[in-house]
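Descriptive analysis of the structure
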Amino acid sequence: MIAATLLFTALASLSTALPTSSKLDARAGGPAIVPIPSSCAVTNPYPTASSSSQTYTPGPSADNARGYYAYYPAFSDIDSMQLQCLEQCYGYGNKGDCVSAFWAQNLPVPDGYYGSTGGPLMTGCLFFNRTLTPEDFVVAPEGQATTPYARNIQC
Ligand SMILES: *[C@@H]1O[C@H](CO)[C@@H](O)[C@H](O)[C@H]1NC(C)=O
């Protein structure tokens, strides 16, 4: 129960920190939401699923390219949250710090996330500092990484 309480507290402060709209961005702690200029190419590295229930998640080969990540309860519609994750990737840090984003529901929260023991399935937004390829993805356990969204940004 202690761990669950800690997690809840961490997630509560995290969801406070995450901007729920671009209007809140200035006072929020998450990466700035910056629209991607049309001069940048946005491409989809997500592999072609072999069945409709199969989903993929970034695998071990992407681990050393992962930077910022956030897990949070759903707070908006899927399309908006996916776009926000991508635009936060574009707005993150210095140029090149995030060039690829992965977003999905039902991602296991990693051990140590905000002091938690990890494990609960939450909505996640992951940033990578190199473009991902279909080979960077592995099949997710059934029921995980649902409504996935992966995009590379090349400017
Ligand atoms: C990408 O991120 C990883 C993990 O944070 C870091 O070790 C690596 O130096 C970064 N690479 C570049 C090119 O920024």
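Residues numbered from 1 in each chain as written. Predicted model: local features only at pLDDT ≥ 70, side-chain atom pairs only at ≥ 80, totals over all residues. Heavy atoms only, no water.

Structural notes on the packing of aromatic side chains
For the record, the criterion: Pairs were defined over the aromatic rings of Phe, Tyr and Trp, the Trp ring being its six-membered one, requiring ring centres within 6.5 Å. Orientation was assigned from the angle between planes: stacked under 30 degrees, edge-to-face over 60, tilted for the rest. Relative accessible area decides the class of each residue, using a 1.4 Å probe on protein chains only: under 20% of the type maximum gives buried, over 50% gives exposed, and in between gives partly exposed. Two thresholds decide whether a charge sits over a ring: the Lys NZ or Arg CZ must be within 6 Å of the ring centre and within 35 degrees of the ring normal.
In total, this model carries 11 aromatic pairs according to the counting rule given. An angle of 70° between the planes, with centres 4.7 Å apart, marks the rings of tyrosine 113 and tyrosine 114 as edge-to-face. On the basis of relative accessible area, tyrosine 114 is assigned to the partly exposed category, the value being 47%. Among the aromatic residues, those joined into a ring-pair cluster are Tyr46, Tyr56, Phe102 and Phe137. Taking the ring centre of tyrosine 69 as reference, the NZ or CZ of arginine 66 above it sits at 5.0 Å.

Points about the pairing of strand 4 (residues 100–108)
Keep this limit in mind: Helical segments are the DSSP runs of H or I of at least four residues, strand segments are the runs of E of at least two, and each set is numbered from the N terminus. Strand pairing is assigned whenever DSSP identifies at least 2 bridges connecting the two strands.
Of all 9 residues making up strand 4, 7 are buried, and the element is well covered by its neighbours. One ladder, built from 5 bridges, connects strand 4 with strand 7 (residues 146–154); its direction is antiparallel. Within strand 7, the residue paired with serine 100 across the bridge is asparagine 152.

Quick word on the pairing of strand 7
One ladder, built from 3 bridges, connects strand 1 (residues 41–43) with strand 7; its direction is antiparallel. Across the sheet, the residue bridging to threonine 43 is asparagine 152, located in strand 7.

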